[in-house]
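Each chain, letter by letter, is given below.
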Amino acid sequence: MVPPSSATLVSPASRRTGPRAAARRGVFIKWLRKAHGWLGLWGAAMGLMFGISGFFQNHRAVMTLDTPAPVVTRIRMQVPETVPQAPADVAAWLQREWNLIKPVEHVARIAGQAVSWSGQTVQMPEHWQMRFRTPRYLIQADYTPATRQVSARQMVPGWLGVIENLHRADGVGMAWVLLSDTIAGSLVLLSLTGLLLWTGLERNKLVGATVLAASMAAVLAATAVTL
């Protein structure tokens, strides 16, 4: 009796498994492509801004850009007697007086202390340091409760400074923080979907594994040298 050929040993169910698996894989790859594209579109504008500002921050020591210099102004004023002697009340009054869009960011109470000045001991009074900040300005105020006087220094950066402040999230609101978080999440998902797309479409896995390992080694080596 002639033994059955290998073709007769394959069941009809197993024949259907191959095309179904290929179809499911095609649907998954198509979905990955769409997700990768939409994620890239969502983070395109913000990614461009973060990339350019990060490049300028990394190379600001060697790059000479013709940008407006920060404008610094100083002011000294008297706080009215009607304002309660509390950091929150003084800060709220300064915010109203200066028409600031954001409340005080930080308040530090510096206790009075004795210091040496020209061979004499001078008692410095207690004072409060307050900081108001947005990407468009930075105001540092120093208030002395004993005299009810406040001296302030305001710095207004140029356009590049505003972009760098947005990059570092200095003085931004919660909306910008949440938006930046979505961009960070998009970058993570872009990396993962890109990796899955590459492994699903590229047959030469050894080259991809080599490139990935080399990039991870470069990151670890640069981190070790920096730290």
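Rules used in this analysis
- Per chain, residue numbering runs from 1 following the sequence as it is written.
- Confidence filtering applies because this is a predicted model: local features only for residues at pLDDT of at least 70, side-chain atom pairs given and counted only at 80 or more, and all residues used for totals across whole chains, interfaces and linings.
- Heavy atoms from the whole structure form the basis of all side-chain values; hydrogens and water molecules are not counted.
- Comment: elements are numbered from the N terminus, with helices defined as DSSP H or I runs of at least four residues and strands as E runs of at least two.
- Buried means the residue's accessible area, taken with a 1.4 Å probe over protein chains only, is under 20% of the maximum for its type, while exposed means over 50%, and partly exposed covers the values in between.
- Pairs of residues are marked as contacts when any of their non-hydrogen atoms sit within 4.5 Å.
- Every accessible area reported is derived by Shrake-Rupley at a probe size of 1.4 Å, with residue values counting cover from the shown protein chains alone.
- When DSSP finds at least two bridges between two strands, those strands are taken to pair.
- Orientation is described by axes fitted as lines to C-alpha atoms, over the contacting stretch for helices, and by angles from 0 to 180 degrees between their N-to-C directions.
- Here, nonpolar core refers to any group of buried Ala, Val, Leu, Ile, Met, Phe, Trp, Tyr and Cys residues whose side-chain atoms link them within 4.5 Å.
- Every case where a carboxyl oxygen of Asp or Glu lies within 4 Å of a side-chain nitrogen of Lys or Arg is listed as a salt bridge.

A. Just the overall build of the protein chain, in detail. Assigned secondary structure in the protein chain consists of 6 helices and 7 strands. Listing each helix as α and each strand as β along the protein chain from the N terminus yields α-α-β-α-β-β-β-β-β-β-α-α-α. Per-residue burial for the protein chain yields a buried fraction of 24% across its 227 residues. The long-range share in the protein chain, meaning contacts at least 24 apart out of those at least 6 apart in sequence, stands at 58%. Counting only carbon and sulfur atoms, one obtains 65% of the accessible surface of the protein chain, whose full area is about 15,900 Å².

B. Local environment of the sheet that holds strand 1 (residues 71–78). Read across the sheet, 5 strands follow the order 1-7-6-5-2 without closing on themselves; strand pairing throughout is antiparallel. In the strand order of this sheet, the two ends are held by strand 1 and strand 2 (106–110), each with one partner. Here the strands of the sheet are splayed against their neighbours by 15 degrees on average, with no regard to which way each runs. Pairing geometry for strand 5 (residues 127–134) and strand 6 (residues 137–144), over 7 bridges, is antiparallel. Residue pairing for strand 6: T134 is matched across the bridge by Y137.

C. Just the pairing of strand 4 (residues 120–124), in detail. The buried fraction of strand 4 is low, at 0 of 5 residues. Pairing of strand 3 (residues 113–117) with strand 4, which is carried by 5 bridges, proceeds in the antiparallel orientation. Opposite S116, over in strand 4, you have T121 as the bridge partner. The antiparallel hairpin formed by strand 3 and strand 4 contains 2 residues in its connecting segment, where S118 sits at a positive phi of about 55 degrees.

D. Inspection of the nonpolar core at higher detail. Within the largest apolar cluster, 18 residues are counted, with the highest numbers of intra-cluster contacts made by L94, W98, M130 and F132. Listing elements by their share of this core, those giving two or more residues are helix 3 (87–97), strand 5, strand 6 and strand 7 (149–156). Not counting the four nearest positions on each side in its chain, W98 is found in contact with I75, M77, F132, I139, A141 and A152. Formed by 5 residues, the second largest nonpolar core is a distinct cluster that contains M46, M49, V172 and I183.

E. Representation of unusual backbone geometry. Positive phi is not limited to glycine here, since S118 has a value of about 55 degrees. Structurally, the position occupied by S118 is in the loop between strand 3 and strand 4. Of the residues examined, S118 reaches a relative accessible area of 66% and is grouped as exposed. Residue R148 is not a glycine yet carries a positive backbone phi of 60 degrees. With respect to the helices and strands, the residue R148 is situated in the loop between strand 6 and strand 7. Owing to a relative accessible area of 7%, R148 belongs among the buried residues under this scheme.

F. Representation of the pattern of salt bridges. As enumerated under the stated definition, the model contains 5 salt bridges in all. Close ionic contact of E81 with R148 constitutes a salt bridge, the shortest N to O distance being 3.9 Å. Of this pair, E81 sits in the loop between strand 1 and helix 3 while R148 sits in the loop between strand 6 and strand 7, and the two are 67 residues apart along the sequence. Measuring nitrogen to oxygen at the nearest pair gives 2.9 Å for the salt bridge that ties R133 to E105. Of this pair, R133 sits in strand 5 while E105 sits in the loop between helix 3 and strand 2, placing them 28 residues apart in sequence.

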